[in-house]
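Okay, here's what each chain looks like letter by letter:
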There are 2 protein chains.
Amino acid sequence: MDEISATAHTRRFKKGERLYQPLDESDSLYIVHKGFVRIYRLTENGKEQLVRFLGPGDFTGEMALFRSSLHDSFAEATRDTAVCVITKDDLQPLLATYPAISLKILAEFSNRLEQSERQTTLVATEKVENRLAMFLVELLEEGSNIATLPMTKKDLASFLGTTPETISRKLGAMEDRGLIRHISNREIAIMDADELLLG
Amino acid sequence: MDEISATAHTRRFKKGERLYQPLDESDSLYIVHKGFVRIYRLTENGKEQLVRFLGPGDFTGEMALFRSSLHDSFAEATRDTAVCVITKDDLQPLLATYPAISLKILAEFSNRLEQSERQTTLVATEKVENRLAMFLVELLEEGSNIATLPMTKKDLASFLGTTPETISRKLGAMEDRGLIRHISNREIAIMDADELLLG
DNA sequence: CGCTAACTTGATTAAAATCAATGCAGGTGG
DNA sequence: CCACCTGCATTGATTTTAATCAAGTTAGCG
């Protein structure tokens with residue numbers, strides 16, 4: 001594992017800076033160390049869709065490692081962020097030498113894939129209010145009833161496949177029903193998680 | 001590679017039979033040899049969502065291999081189908097011995113993940129008519145303008161995150177505009193792919 | 001040939017997008 | 001430190017889109 005640290009190096013990005021963007025060659029794995037990164041695409045008609053949101057420990061760029069290609073999404077730091085970068089050429093030999101690393105990455109892929117398929121299912125079958133409710137409840141930390149949004153509501157809307165207006169209204173409706181309460185822009189108290197999930 | 005064949009064995013499923021279902025222990029990789037398999041989930045309110053559709057060469061069950069768990073979806077043969085089955089216990093040693101296999105699987109995962117994220121983006125940002133149009137055009141084989149549906153329209157609706165009624169109507173509208181033509185239940189001639197994709 | 005599931009068509013309702021305007025907050029530079 | 005500016009957020013009115021409900025109709029399979 002020391003060999004990994006040896007071949008990786010740390011890069012820092014200021015808020016708003018991009019790790020990569022479409023058409024950049026994709027040849028490195030990025031592991032977020034500190035800060036947050038949003039991964040998004042533009043659809044043909046110019047709409048932006050948030051695909052993933054990375055916090056410390058999450059990684060991106062892994063597609064690159066197994067089939068040389070170009071990026072088709074943007075990766076943007078949402079605040080000052082530090083990431084570990086490992087290039088494909090440095091990593092491949094390690095994978096061949098230490099199968100355990102491959103297994104680790106496979107497990108992570110497996111998680112991501114499951115996550116992604118779940119997300120598709122949600123967007124395809126649940127109405128906005130339910131998706132939003134689930135998202136909020138998943139944000140809760142053990143023993144707290146305050147959900148802290150990791151991103152702007154605009155991005156949240158994009159992530160959930162809806163619009164900021166609709167998010168605003170749905171949150172309003174939930175608050176009217178006493179299910180949640182706004183603490184601040186990014187903080188929402190969940191008063192009744194069970195009822196929230198039932199719709 | 002001979003070792004793989006040695007540890008795998010073939011199982012046959014009749015149309016409608018299940019390879020696995022939720023709560024079954026997930027400990028095998030299934031590679032479709034002949035036939036088709038649909039993978040779907042039930043949402044809380046009993047609605048069914050088609051997650052993937054496998055043809056010859058596709059595989060499922062891989063989640064199982066890296067983190068022991070239970071299935072959370074149904075895998076059902078849509079016609080008489082033959083699959084190769086390899087258990088986790090048989091595969092893991094092979095992975096450790098031959099890193100090339102891991103790399104192969106990683107590459108496949110990578111494809112699937114990309115596919116899945118693209119699917120999420122589509123469902124989240126495009127309206128039904130566009131999703132449907134894209135799906136049809138992707139079905140086209142080189143040099144032909146006939147799209148052959150690999151599944152029922154009911155399943156197609158589920159896959160695209162809509163209802164059979166809406167599929168029916170959208171196809172009707174496309175036909176009225178002269179963009180497509182129904183050949184048979186499962187075959188659709190694409191008269192003007194470009195126009196179709198523009199909406 | 002008949003049965004069941006898939007498909008289609010129509011009428012209605014519900015959900016959410018869009019358009020439009022304004023309010024608000026956080027960061028910047030004077 | 002304050003005022004401004006920009007992008008985010010809210011609110012309302014309207015329109016669009018697709019789901020739902022309700023009957024039929026067709027097609028494939030036993």
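Here's what I pulled together on the structure shown here.

The rules behind each value
Residues numbered from 1 in each chain as written. Chains lettered and ligands numbered in written order. Predicted model: local features only at pLDDT ≥ 70, side-chain atom pairs only at ≥ 80, totals over all residues. Heavy atoms only, no water. Helix = DSSP H or I, 4+ residues; strand = E, 2+ residues; numbered from the N terminus. Contact = heavy atoms within 4.5 Å. Polar contact = N/O pair within 3.5 Å; in protein donor to acceptor, adjacent residues only side chain to side chain. Pairing = 2+ DSSP bridges. Axes fitted to C-alpha atoms, helices over the stretch in contact; angles between N-to-C directions. Least-squares fit on C-alpha atoms with pLDDT ≥ 70 in both. Patch = residues over 30% accessible without salt bridge, like charges linked within 9 Å, V, L, I, M, F, W, Y side chains within 5 Å. Areas by Shrake-Rupley, 256 points an atom, 1.4 Å probe, with all protein chains shown as cover. Salt bridge = Lys/Arg side-chain N within 4 Å of Asp/Glu carboxyl O. Lys, Arg positive; Asp, Glu negative; His and termini not counted. Charge placed at Lys NZ, Arg CZ, Asp CG, Glu CD. Near = heavy atom within 4 Å. Nonpolar A, V, L, I, M, F, W, Y, C, P; charged D, E, K, R; others polar. Buried < 20%, exposed > 50% of the residue type's maximum accessible area, 1.4 Å probe, protein only. Phe/Tyr/Trp six-rings, centres within 6.5 Å; stacked < 30°, edge-to-face > 60°. Lys NZ or Arg CZ within 6 Å of the ring centre and 35° of its normal.

Residue and element names in this part refer to chain B. Looking at the secondary structure, you find Y20 in strand β2 (residues 18-20). On a C-alpha basis, the gap between Y20 and F74 in space is 5.9 Å, while along the polypeptide they are 54 residues apart. Excluding its chain neighbours within four sequence positions, the residues that come into contact with Y20 are Y30, I39, T60, G61, H71, S73, F74 and A75. Side-chain polar atoms of Y20 contact the side chain of T60, separated by 2.9 Å.

Attention now goes to the sheet that holds strand β1 (residues 9-13) of chain A. All names here are of chain A. In space, the 4 strands of this open sheet follow the order β1-β10-β4-β7, with antiparallel pairing throughout. One side of each edge strand has no neighbouring strand; the edge strands of this open sheet are β1 and β7 (59-60). Judged from the 5 bridges that link them, β1 and strand β10 (residues 81-87) form a sheet pairing that is antiparallel. Within β10, the residue paired with R12 across the bridge is A82. Contacts from helix α2 (residues 88-97) reach β4 (28-34) and β10, with the element oriented near 65 degrees to β10.

Time to look at the sheet that holds strand β9 (residues 74-77) of chain A. Read across the open sheet, the 4 strands follow the order β2-β9-β5-β6 (chain A); overall the sheet is antiparallel. In this open sheet, the two edge strands, each paired with only one partner strand, are β2 (18-20) and β6 (48-54) of chain A. When the angles between neighbouring strand axes are averaged without regard to direction, this sheet yields 30 degrees. One ladder, built from 6 bridges, connects strand β5 (residues 37-42) of chain A with β6 of chain A; its direction is antiparallel. Looking across to β6 of chain A, one finds that R38 of chain A is bridged to F53 of chain A. Together, β5 and β6 of chain A form the strand contacts of helix α4 (residues 99-125) of chain B, whose direction differs from that of β6 of chain A by roughly 135 degrees.

With an RMSD of 0.1 Å, the fit of chain A onto chain B corresponds to turning through 180 degrees and sliding 0.0 Å along the axis. What the superposition gives is, in effect, a two-fold axis relating one chain to the other. Considering only C-alpha atoms, the part of chain A nearest the rotation axis is T120 of chain A, at 2.4 Å.

Let us now look at a negative patch on the surface. There is a patch of like negative charges on the surface, built from E25, D27, D89 and D90 of chain A. As for its placement among the helices and strands, D27 of chain A is situated in the loop between β3 (25-26) and β4.

Once that is clear, we can look at the protein's contact with DNA strand C. Around DNA strand C, the structure places 18 residues, and the nearest of them are V128, T162 and T166 of chain A together with K154 and R169 of chain B. Atoms of DNA strand C within 4 Å of the protein: sugar and phosphate make up 64%, bases the balance. In the environment of DNA strand C, a base nitrogen lies 3.1 Å from a nitrogen or oxygen atom belonging to the side chain of E165 of chain A. The backbone of K153 of chain B places a nitrogen or oxygen atom 2.9 Å from a phosphate oxygen of DNA strand C. Those elements that place two or more of their residues in the surface near DNA strand C are α6 (164-176) of chain A together with α6 (153-160) and α7 (164-176) of chain B. If one sorts the elements of the surface near DNA strand C by residue count, α6 of chain A sits on top with 4 residues. The residue makeup of the surface near DNA strand C, split by class, is 1 nonpolar, 8 polar and 9 charged.

Another aspect to go through is the pairing of strand β9 (residues 74-77) of chain B. Residues and elements named next belong to chain B. Here β9 shows a buried face lined by F74 and E76 and a second buried face lined by A75 and A77. Of the strand pairs in this sheet, strand β5 (residues 37-42) and β9 are connected by 4 bridges, and their pairing is antiparallel. Residue pairing across strands places R38 opposite E76, the latter belonging to β9.

Let us now look at the packing of aromatic side chains. All names here are of chain A. The final tally for this structure, using the stated rule, is 9 aromatic pairs over all chains. An angle of 45 degrees between the planes, with centres 5.7 Å apart, marks the rings of Y20 and Y30 as tilted. Of this pair, Y20 sits in strand β2 while Y30 sits in strand β4, and the two are 10 residues apart along the sequence. Accessibility expressed as a relative area gives 4% for Y20, which makes it buried. Since its relative accessible area comes to 8%, Y30 is described here as buried. Here the guanidinium or amino end of R38 rests over the ring plane of Y40, the centre of that ring lying 4.4 Å away.

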